[in-house]
Amino acid sequence: MSRPPVRSDLARTIASLGGAGRSPFAPGTAGTLAALPVAVLASRLLPAWGYVLVTLGVIWVAIWSADRVVRRTHSRDPGWVVVDEAAGIFVTLLFVPIGLFTVTAAFFLFRFMDIVKPWPAGPAEHLPGGWGIVTDDLVAGVYANVLVRIAGTLYVQVLG
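Caption draft 1: Fine view of the overall build of the protein. A count of helical and extended segments in the protein gives 7 helices and 0 strands. Helices and strands in the protein line up, N terminus first, as α-α-α-α-α-α-α. Over its C-alpha trace the protein gives a radius of gyration of 16 Å, about what one expects of a compact globule, namely 15 Å for 160 residues. With the C-alpha coordinates of the protein rotated into their principal frame, the extents come out at 65 × 30 × 30 Å. The proportion of buried residues among the 160 residues of the protein is 46%. Accessible surface for the protein amounts to roughly 8600 Å². Of this, 71% is attributable to carbon and sulfur atoms.

Caption draft 2: Spotlight on the environment of Leu94. As for its placement among the helices and strands, Leu94 is situated in the loop between helix H4 (83-92) and helix H5 (100-116). Put simply, Leu94 and Arg12 are 82 residues apart on the chain and 26 Å apart in space, counted from C-alpha to C-alpha. Dropping the residues within four chain positions of it, Leu94 is found in contact with Tyr51, Val52, Thr55, Asn145 and Arg149.

Caption draft 3: Local environment of the packing of aromatic side chains. One pass over the structure, following the stated rule, counts 2 aromatic pairs. On the basis of an interplanar angle of 15° and a centroid distance of 5.6 Å, the ring pair of Tyr51 and Phe90 is categorised as stacked. Here Phe90 lies in helix H4 and Tyr51 lies in helix H3 (residues 48-73), a separation of 39 residues in the sequence. Grouping residues by exposure puts Tyr51 and Phe90 together as buried. Above the ring of Trp80, the side-chain terminus of Arg22 is found at 4.1 Å from the ring centroid.

Caption draft 4: Molecular detail of the nonpolar core. Ranked by size, the top nonpolar core spans 37 residues in total, and within it Val81 and Val134 carry the most contacts. For this core, the element with the highest residue contribution is H3, accounting for 8 residues. Contact partners of Val81, with chain neighbours within four places excluded, come to Ala15, Ala66, Val69 and Ile133.

Caption draft 5: Just H3, in detail. When the terminal C-alpha atoms of H3 are compared, their 37 Å separation across 26 residues agrees well with the 38 Å that a helix rising 1.5 Å per residue should span. Buried within H3 we find Gly50, Tyr51, Thr55, Val58, Ile59, Ala62, Ile63, Ser65, Ala66, Asp67, Val69 and Val70.

Caption draft 6: The arrangement of the pattern of salt bridges in detail. What the rule picks out here adds up to 6 salt bridges. The residue Arg111 makes a salt bridge to Glu85 at a minimum N-O spacing of 3.5 Å. Of the two residues, Arg111 is situated in helix H5 and Glu85 in helix H4; the sequence distance between them amounts to 26 residues. Summarising the burial analysis for this pair, Arg111 and Glu85 share the class buried. The shortest N-O distance in the salt bridge between Lys117 and Glu125 comes to 3.8 Å. Within the structure, one salt-bridge network assembled from shared partners comprises Glu85, Arg111, Asp114, Lys117, Glu125 and Asp136.

About the thresholds
Residues numbered from 1 in each chain as written. Predicted model: local features only at pLDDT ≥ 70, side-chain atom pairs only at ≥ 80, totals over all residues. Heavy atoms only, no water. Helix = DSSP H or I, 4+ residues; strand = E, 2+ residues; numbered from the N terminus. Rg over C-alpha atoms; globule rule 2.2 N^0.38 Å. Buried < 20%, exposed > 50% of the residue type's maximum accessible area, 1.4 Å probe, protein only. Areas by Shrake-Rupley, 256 points an atom, 1.4 Å probe, with all protein chains shown as cover. Contact = heavy atoms within 4.5 Å. Phe/Tyr/Trp six-rings, centres within 6.5 Å; stacked < 30°, edge-to-face > 60°. Lys NZ or Arg CZ within 6 Å of the ring centre and 35° of its normal. Core = buried A, V, L, I, M, F, W, Y, C linked by side-chain atoms within 4.5 Å. Expected span 1.5 Å × (residues − 1). Salt bridge = Lys/Arg side-chain N within 4 Å of Asp/Glu carboxyl O.

So this is what it looks like as structure tokens:
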């Protein structure tokens with residue numbers, strides 16, 4: 001039996017976020033938790049344009065790795081592929097001021113939107129290959145981003 005090509009192993013490792021997607025309990029949540037500190041750190045250390053570039057890079061790598069896995073496994077959306085959660089949480093935190101409240105809200109609102117899949121996230125899930133796996137999370141990330149901004153504004157007005 002021959003080993004799969006190195007690129008296939010790399011794609012699997014990236015797609016599972018280093019194994020976070022193999023969590024026996026809520027792999028999507030585990031993937032989001034694995035990516036969240038990286039997104040927060042990138043947001044705090046990089047200028048806005050740098051965070052945008054990193055986010056675009058994460059999206060590209062997510063689509064690439066998810067697509068490789070789909071082609072290799074002949075599965076539409078393996079549950080252990082959670083790199084899409086990384087792309088979604090990066091989008092959720094795009095241009096959001098980082099603080100305990102906003103990061104916590106981002107996590108919960110993104111997970112909620114990813115599970116509920118409001119339009120057009122649901123239909124986006126049916127795009128082919130890695131595009132379908134990742135695009136619904138990008139849509140969920142946009143919805144969560146807007147809700148985090150609203151929640152942050154309300155938080156400052158009420159408690160600030």
